[in-house]
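An overview of the molecular structure
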Amino acid sequence: MTITRRTLMQSVLAAGAVLAAPSILRAQDKQAIRMIMGDIQIFDPVFTTSQNTFNHAMAVYDTLFALDADLVPQPQMVGNWSASDDKKAYTFELRDGLSWHDRTPVTAADCVASIRRWGQVEPSGQLLLKHAANIVATNDRTFVITLNEAVGSLTDILAKPLFMMREQDAKLPATEQVTTNIGSGPYKFNAELTRPGSRVVYDRNEQYVPRNEPSSGFAGAKIAKAEQVIWENISDPQTALAALQAGEVDFWAEPVADLFSVIESSDNLVLDTLGGNGSDWVVRMNFLQPPFNNVKMRQALLYLIDQKAFLSLMAPDEKFGRPVASTFGTGSPYSNDVNIEWFKEGGDLEKAKQLIAESGYAGEKVVILDPTDWRDGDVASQLFASVLQKAGINAELAPMTWSELAVRRGNKGPVEDGGWNFFITTFSDYEMRDPMATSLFVMNSEEAWYGWPQNDEFEVLRGKWPRTETKTERQALAREMQRIWWDYVPIVFLCQTKAPSARNKHLVDIISTPAPERAIWNMRKVEG
Amino acid sequence: MASYIYRRLFSAIAVMAMVGIFIFLLVRLAPGDPAVVMAGRNATEQIVNGIREHLGLNQPLPVQFIHWLSAMLHGDFGTSIFSGRPVFELLAQRLAPTVSLSVLTLALSVSVGVFFGILAAWRDGGFVDRLLTVFSAFGYSVPVFVIGYFLVYVLAISVAWLPVQGYAPMDEGVGDWFAHLILPTVALSLPFIAFVARVTRASMLEVLSEDYMRTAAAKGASSCAMLFHHALRNAGVPILTVIGISFAYLIGGVVLTETVFNIPGVGRLVVDAINNRDYPIIQSVLILTSGLYVLINLAVDLTYTLIDPRIRY
C-alpha cells in the first residue's frame, strides 16, 4: 500500500476528530455541572474556618436556621419553634422528611450533639454554651435550649454556619476531624470519585425534601437541579480560563483580576458578583508593643489610610470594591456613621504627622508581617508599608508565607524578639454584624484575638449585646460601641472588595448569597 | 556481577537512610505549621493549639522521628494530616496520571531525540543538522509552561481538537486517556528531545569517525546498517547515561506540567502537601522518589553491560 499525502492528511484529521470526541461529549453533558473551586483539604466545617470547607459543608450538610438575602435568620431544618415569655427556654421541632445520606432519620439528639461540638470552638457557640443551662432532646424530633440568662436573638446564633451532623460524628472532639461526610443536605458527597486536592464530586440527594419558600440567600428551598456537581481544583489561572473558554467547566469561583477584561469581552462568559457584601480588608496592630500601644499612633493611621488608593490596587474596577468605615461593615442592619467623619476621607498626611509627633514616636522599627504566598495580601502589605514610610514611620516588611505569619503573630514580644506590629487579613463583611461572634470585637487583652487590645468600656457595651432584644435597641447600642471603637482604633480598614465569579452563559439560576461562600443548589444548565 | 548488585543495593540502603534523616529534618525545620494552615486564616490561638496537640506536633523532634521511622519500616506511610486518609491510598490515586505522563514523555523523548541525533550526525554540517540544532536550542531554552500555553491555545481552544486540561483514566477509554495526555506529553518532551538529540549527535559523530566505521563502509555496509547496527550501539553508553540523568529533571518537569494541564498526579499532590506542611505526604513522596532515582541509576549501570560487552563489574 502506498501512503499518499492525501491519505496521510485524511488519517490525521480522522484521528483528531476521534480524540476530540470525548471533550465534545463532555461539553454536551447537561446533567453534570463542573466548577472551578478552591482546594478542600479538610472536609469538617467545625475543624477549620476555611471558606472552601464551608462551601463543601453547605452542599452536604443542612442547618437549623439560615440567613436569607437580607441577613434575616429563617428556619431551615426547623419546622415549628417557640420561645418562652422570658426568652430563656426555646423549643425547636424538626420538620418532616429529614434524613441523613445513609438513609437514617435526622433526630433531635443529632442536632443537640452538633450544637455542642460547634460550641467548643465557634465564638457565638461558646457564648451559647456558656449561657445554656441545658440543651436536651425531648423526643426524636424536638429539642429544648434552656438558658441561664437571655442571649438576645438565639435564632441569629443558630443561623451561623452551624451544620448538623449525625450524633456519632458530632461526638468527636472539635480538634479531631469528621471524615465521614454524611450530612442531610441537598447533595451527597461521592467519596469514590473524589480525589482530595484535585476533584470533589457531589451527587444529588434524591431523598432531600426542600422547603416550600422560595430560595433567598442561604434560606428557602434548596433544590438540587443538577444530577452531579464536580468541583475541580485548577490552580493555574491561565488553564482555568482556557477550560472555561473551551466549555470544559461551567463556573470559576475566583478568577484573578488580570483576567477580568478577557472574561468580560467574551461572548459566552459572564462575570458576576455573587458573594453579598464581600470582604473587608483589615490591618490589625499589636497593642502590647510600642509604638502602636499609643492611641495617637493608631488614630494617625486612620488619617493616613486613603481607601481609594488601596481600591485602585485591590479592585481597580469600582464594581468590585468600595470603601468601608462602619465597625459593623457596610451591609448589616447595625452599620452606622457615628464617629467616622474625621477619618472617612483619609489620606490626610499632615494631620497624621501631627498625631505621630504628639505621640512621641522616636523612629522605632515597625514590622509588617507580609504573606508573600497570598498575592493580594502581599500587595496590600507593600502599599501599607509605603504609606507608613511616607509619614516618617520606620516601617519594614517581613516577607513570609501565611503559615509562618500565622505562627509569628502569636508572639507577644517586641520586634527584636521575633514580635510584630502589623498584619493584614480579611473578614467577610457580613461577619462584622455580630460583635459576639467575630473575634475582632473582643477587647479583653488575654482572651482577645491576635494584637490583644484592651478596652473595658467597650467590653461592658459588648456584654450588653446578648441582652438587647429588639433591633432598634441593638442599633442604638451599635452606635455607642462604634463611638468607642473609633476612638480606641482596634483595627484600620483598607477597603472592601467583592471577588466576582465567572461562568458560562448556559449556567443559570445561581444563588446570590449574603456571604462569600457559594451555594450549589438551584443552579442549572440551559441550551444555548 | 552478583556481588556488584549486592554492593549497589547495600549502598542504596545507606543512601536511603541518609536521605530519610535529611528529609525529616528538612521538612520539620522548615518554617510553617500545619495546625495553622488547617485552622484557617482567622482562627483563634486556642483552636490552633488544640489541633497541634491532637496531631502530636508538640512532641520533641526525636520522638516524632522515631514514630515516623518505625511506621516506615513497617511499610506504613502514615496518614495525611489534612485529609485524614492513608498516604498510600492518596499516592495510589495519583500514581496512574504521573506514570502515564512520565512513560509517554520518556518514550517520545528517547525515540524522537535519538532519531534526530542520528539524523543530525549523519548529515553533519548540512541543512538538516543546522535545522535540528536550531530546534534543539529552541526546545531546550523555552520553558515548559510557555510551550504548554501555546499548544493549549492552538490545539485546544482555536481548533478544539484536544482537551485543555485534566486526566481521564485508561479504564474509561484509551482514546480519552490518550487525548488528555497528548499536549502535556509534547510540552514536557520538547526539552528532553532536545537534550537527547544533542547528546546522541555528539556521541554518534565521535563513533562515525572511528576506523571501524570506515572499514564497514569499505565492506559495502548500507547507511542504515552503519548507523543503527554499528554506530548507535557503540554510541549507546553516553546516551543511556543521559536518559538516566534525565529522570531527575523529568520529576521537576512533571510537577510543572501537571500544574499547567491540571493533571491530578503525584507532582501536584506533593506541591499541595508542601504548601500545607502535610508532613507524612511530603516525606513519603520524597523517600519514594529518591528510592526510584537510585533504582533507575542502578538499572542504567547494569544495562551498560548489555550495550557494551567490554564493561564488566
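Residues numbered from 1 in each chain as written. Chains lettered and ligands numbered in written order. Predicted model: local features only at pLDDT ≥ 70, side-chain atom pairs only at ≥ 80, totals over all residues. Heavy atoms only, no water.

So, the overall build of chain A
- Of regular secondary structure, chain A possesses 15 helices and 21 strands.
- For a compact globule of 528 residues, the expected C-alpha radius of gyration is about 24 Å, and chain A comes in at 25 Å, within 12% of that figure.
- Considered along the principal axes of its C-alpha atoms, chain A spans approximately 95 × 65 × 40 Å.
- When burial is assessed residue by residue, chain A has 58% of its 528 residues classed as buried.
- By sequence separation, contacts in chain A at least 24 residues apart represent 71% of the contacts at least 6 residues apart.
- On chain A, roughly 20600 Å² of surface is accessible, and the fraction owed to carbon and sulfur atoms is 49%.
- Counting 52 positive and 67 negative side-chain charges, chain A places the centres of these two groups 3 Å from one another. (Helix = DSSP H or I, 4+ residues; strand = E, 2+ residues; numbered from the N terminus. Rg over C-alpha atoms; globule rule 2.2 N^0.38 Å. Buried < 20%, exposed > 50% of the residue type's maximum accessible area, 1.4 Å probe, protein only. Contact = heavy atoms within 4.5 Å. Areas by Shrake-Rupley, 256 points an atom, 1.4 Å probe, with all protein chains shown as cover. Lys, Arg positive; Asp, Glu negative; His and termini not counted. Charge placed at Lys NZ, Arg CZ, Asp CG, Glu CD.)

Observations regarding the pattern of salt bridges
Residue and element names in this part refer to chain A.
- Under the defined criterion, the tally for this structure stands at 32 salt bridges over all chains.
- Residue Lys160 pairs with Asp434 through a salt bridge whose shortest N-O separation is 2.7 Å. A residue pair is termed long-range when its members are at least 10 positions apart, and Lys160 in the loop between helix H5 (154-158) and helix H6 (167-170) and Asp434 in the loop between strand S17 (422-428) and helix H14 (456-464) qualify at 274 residues.
- On the basis of relative accessibility, which here comes to 9%, the residue Asp434 falls in the buried class.
- The residue Arg462 makes a salt bridge to Glu459 at a minimum N-O spacing of 3.0 Å. Taken as a pair, Arg462 and Glu459 lie in helix H14 at a separation of three residues, close to a single helical turn.
- Judged by its relative accessible area of 10%, Arg462 is buried.
- By relative accessible area, Glu459 is classed as buried at 17%.
- Shared partners join several salt bridges into a network, and the residues in it are Glu93, Asp96 and Arg141. (Salt bridge = Lys/Arg side-chain N within 4 Å of Asp/Glu carboxyl O.)

A few points about the packing of aromatic side chains
- For the structure on display, the rule yields 41 aromatic pairs over all chains.
- When the centroid spacing of 5.8 Å and the interplanar angle of 85 degrees are considered together, the rings of Phe65 of chain A and Trp81 of chain A count as edge-to-face. Of this pair, Phe65 of chain A sits in strand S2 (residues 65-67) while Trp81 of chain A sits in strand S4 (residues 78-83), and the two are 16 residues apart along the sequence.
- Overall, the relative accessible area of 2% leaves Phe65 of chain A in the buried class.
- Given a relative accessible area of 37%, Trp81 of chain A falls into the partly exposed group.
- Ring plane angle 45 degrees and centroid distance 6.3 Å describe the contact between Phe115 of chain B and Phe116 of chain B, whose orientation is recorded as tilted.
- An aromatic cluster of three or more residues is present, and its members are Tyr303, Phe328, Tyr334, Trp342, Phe343, Phe441, Phe458, Trp465, Trp485, Trp486 and Phe493 of chain A.
- The positively charged end of Arg123 of chain B is found above the aromatic ring belonging to Trp122 of chain B, 3.9 Å away from the centroid. (Phe/Tyr/Trp six-rings, centres within 6.5 Å; stacked < 30°, edge-to-face > 60°. Lys NZ or Arg CZ within 6 Å of the ring centre and 35° of its normal.)

What about the sheet that holds strand S5 (residues 89-94) of chain A?
Residue and element names in this part refer to chain A.
- Here four strands make up an open sheet; going across it, the order is S4-S5-S7-S6 and the pairing antiparallel. The outermost strands of the open sheet, each flanked by one partner alone, are S4 and strand S6 (132-139). The average angle at which neighbouring strand axes cross in this sheet is 15 degrees, direction not considered.
- Here six bridges tie S6 to strand S7 (residues 142-147), and the two strands are oriented antiparallel to one another. Of the residues in S7, the one forming a bridge with Ala132 is Leu147.
- Relative to the sheet, helix H4 (residues 123-131) contacts S6 and S7, its axis offset from that of S6 by approximately 90 degrees. (Pairing = 2+ DSSP bridges. Axes fitted to C-alpha atoms, helices over the stretch in contact; angles between N-to-C directions.)

Structural notes on the interface of chain B and chain A
- Counting residues at the interface gives 51 residues for chain B and 55 residues for chain A.
- Around 4200 Å² of area is buried between chain B and chain A when both sides are counted, 54% of it from carbon and sulfur atoms.
- For the pair chain B and chain A, the interface holds zero salt bridges.
- Put simply, chain B and chain A have eight residue pairs in polar contact (both at pLDDT 80 or more) between them.
- Of all elements in the fold, only helix H2 (34-39), helix H3 (45-55), helix H5 (87-122), helix H7 (144-158), helix H8 (174-208), helix H10 (223-260) and helix H11 (266-276) of chain B reach the threshold of two or more residues within the side of chain B that touches chain A.
- Sort the elements by how many residues they give to the side of chain B that touches chain A and H3 of chain B lands first, with seven residues.
- For the side of chain B that touches chain A, the residue count by class is 27 nonpolar, 15 polar and nine charged. (Buried area = accessible area lost by both parts, 1.4 Å probe. Polar contact = N/O pair within 3.5 Å; in protein donor to acceptor, adjacent residues only side chain to side chain. Nonpolar A, V, L, I, M, F, W, Y, C, P; charged D, E, K, R; others polar.)

A word on the confidence of the model for chain B
All names here are of chain B.
- On average, residues of chain B carry a pLDDT of 86, and 99% of them reach 70 or more.
- Between the elements of chain B, mean pLDDT differs from a low of 76, seen in H2, to a high of 92, seen in H8.
- Predicted as a complex, the structure gets a pTM of 0.79 and an ipTM equal to 0.74. (pLDDT = per-residue confidence, 0-100.)

Regarding the side chain of Ser445 of chain A
- The residue Ser445 of chain A is located in the loop between S17 and H14 in this model.
- Once you skip the residues sitting within four places of it in the chain, Ser445 of chain A turns out to touch Leu288, Trp452, Pro453 and Gln454 of chain A.

Description of the sheet that holds strand S18 (residues 491-497) of chain A
Residues and elements named next belong to chain A.
- Strand order in this open sheet of six strands is S14-S18-S13-S17-S15-S16, and the pairing throughout is mixed. Looking at the sheet topology across the chains shown, the edges are occupied by strand S14 (321-322) and strand S16 (395-400).
- Helix H10 (residues 307-314) contacts strand S13 (279-285), S14 and S18 of the sheet and is inclined by roughly 45 degrees relative to S18.

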